[in-house]
Amino acid sequence: MEEAEGSGTPAQPHHNRFPPNVVGGLWIIASAIAFTAMMTLVKFLGNDYPAAVQSTYRQMASLVMMAPIIIHDPRGALASRRPGLIILTMALSTLGLVLSLYSYQLLPFANANALSFSRILWLVPLAALVLRERIGWMRGGAALTGFIGVTIMLEPSQGFHLGIGELAALAASLMAAIVIICMKTLMREHKLATIMAWSATVGFLFSAIPALFVWRWPSLVDFLLLAIMGVLGVATQASYIKGVSIGEAAAIVPLDYSRLLMAAAIGWLLFDEVPSSSTLIGGAVVIGSTLILSWYEVRTYRAAEAIVAAQE
């Protein structure tokens, strides 16, 4: 359940049809769909465009979409009492994006996608320490079980290879975990539009500077694909921020595991990557942990609503 602003305790549940963690989870799933589509285009474009260039196009799309709001009221759109935290968050987010794109260029689609979930190991303890969210054995167990599913998909019996691609994916995951925590904190004092405005401006600057050293102009078709990739990136970020602002990070982020199955399907259909038995078993573990967690959140929310109703 959503935390009360400025406190470490859950807010009183409202008499809504759906619990906050369920609504937040749906936004996370929407983010997973947009992310998978974006990374499919990254994989399709291959190494023709360096990660910094692809990141710049993604940020450029965000800047174009946010331009009307920023131009209409620049002071209001960028109003913040914590500009330092916002700039740091956007810097880490941009660096994480570049590293993530780079890992998808170097690694098989399913491998890069699976490694990105290592952020769960960082997110759950960070949510407890920084946000003071109550983890509990069910949420912690679901996150751990989901990560075990990811580990199975990586086929540890074949040995782990930590090359540049793997290290880039792991570093991007750490940055993503920190960014999620920062976003959760910022959303207590900022509107989504303000976060997106800062992300568009600061993110574009952080991406464009390194991109200038490896820049190449795209063909018309590639430009359209890069533009679509950028729009999908904006949709991914907006949906994710909305999700974690509504629900508790430790409770809803495991739903992002759904893109494991999306990646396996895309890899099979578009890139001739036939899912192995480890992928199927690991995917089943992930789905099971996600379904159990969703059932637990709905049950907990309804029990809290019943208590509040009885007290009124």
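For the structure given in this document, a descriptive report is provided here. What you see is a predicted model; the values in this text were computed from it and never measured.

1. What about the overall build of the protein?
Scanning the protein from terminus to terminus reveals 13 helices and 0 strands. Reading the secondary structure of the protein in the N-to-C direction produces α-α-α-α-α-α-α-α-α-α-α-α-α. When the 312 residues of the protein are sorted by exposure, 49% land in the buried category. Within the protein, counting contacts between residues at least 6 apart in sequence, those at least 24 apart form 89% of the total. A total of about 14,800 Å² of accessible surface is found on the protein, and carbon and sulfur atoms cover 70% of it.

2. So, the packing of aromatic side chains
Applying the stated criterion across every chain yields a total of 6 aromatic pairs. Between Y57 and F223, the ring centres sit 6.3 Å apart and the planes meet at 75°, which makes this aromatic pair edge-to-face. Linking Y57 in helix α2 (residues 51-72) with F223 in helix α10 (residues 220-246), this pair joins segments that are 166 residues apart in sequence. Between F109 and F271 the ring centres are 5.9 Å apart and the planes differ by 25°, which places this aromatic pair in the stacked class. Separated by 162 residues along the polypeptide, F109 in helix α5 (residues 109-115) and F271 in helix α12 (residues 258-271) bring together distant segments of the chain. Look at F271 and you get partly exposed, because its relative accessible area is 23%. A connected cluster of aromatic rings, assembled from ring pairs, spans F35, Y104, F109 and F271. Between the NZ or CZ atom of R216 and the centre of the ring of Y49, over which it lies, the distance is 4.4 Å.

3. Side note on the nonpolar core
Formed by 25 residues in total, the largest nonpolar core has its most connected members in M39, V42, L101, Y104, L226 and M229. The biggest single contributor to this core is helix α1 (residues 20-45), with 6 residues. Those residues in contact with L226 that sit more than four places away from it in its chain are L45, Y49, Q54, Y57 and P218. Ranked by size, the runner-up nonpolar core spans 21 residues in total, among them I86, M90, I195 and V202.

4. Re the packing of α1 against α10
The contact between α1 and α10 brings their axes to 7 Å, and the two run at 160°. When the interaxial angle is binned, α1 and α10 end up roughly antiparallel. Where α1 crosses over α10, the handedness of that crossing is left-handed. A breakdown of the residues in the contact of α1 with α10 according to their chemical character gives 22 nonpolar, 6 polar and 2 charged.

5. Some thoughts on the environment of L293
Its place among the elements puts L293 in helix α13 (residues 277-311). Judged by relative accessible area, L293 falls into the buried class, the value being 2%. Those residues in contact with L293, other than ones at most four positions away along the chain, are R139, A142, A251 and P254.

6. Some thoughts on the environment of I195
Mapped onto the fold, I195 is located in helix α9 (residues 192-211). A C-alpha to C-alpha distance of 8.1 Å links I195 and L78, two positions 117 residues apart in sequence. When near neighbours in sequence (up to four residues on either side) are disregarded, I195 contacts M90, M183, L186, M187, H190 and I241.

7. So, a nonpolar patch on the surface
Together, I209, L212, F213 and V214 make up a nonpolar patch on the protein surface, roughly 470 Å² of accessible area in all. In this structure F213 comes out as exposed when scored by relative accessible area, which is 71%.

Reading the values: the criteria
- Residues numbered from 1 in each chain as written.
- Predicted model: local features only at pLDDT ≥ 70, side-chain atom pairs only at ≥ 80, totals over all residues.
- Heavy atoms only, no water.
- Helix = DSSP H or I, 4+ residues; strand = E, 2+ residues; numbered from the N terminus.
- Buried < 20%, exposed > 50% of the residue type's maximum accessible area, 1.4 Å probe, protein only.
- Contact = heavy atoms within 4.5 Å.
- Areas by Shrake-Rupley, 256 points an atom, 1.4 Å probe, with all protein chains shown as cover.
- Phe/Tyr/Trp six-rings, centres within 6.5 Å; stacked < 30°, edge-to-face > 60°.
- Lys NZ or Arg CZ within 6 Å of the ring centre and 35° of its normal.
- Core = buried A, V, L, I, M, F, W, Y, C linked by side-chain atoms within 4.5 Å.
- Axes fitted to C-alpha atoms, helices over the stretch in contact; angles between N-to-C directions.
- Parallel < 35°, antiparallel > 145°, perpendicular 65-115°, else oblique.
- Left-handed = near helix turned anticlockwise from the far one by under 90°.
- Nonpolar A, V, L, I, M, F, W, Y, C, P; charged D, E, K, R; others polar.
- Patch = residues over 30% accessible without salt bridge, like charges linked within 9 Å, V, L, I, M, F, W, Y side chains within 5 Å.
- Salt bridge = Lys/Arg side-chain N within 4 Å of Asp/Glu carboxyl O.

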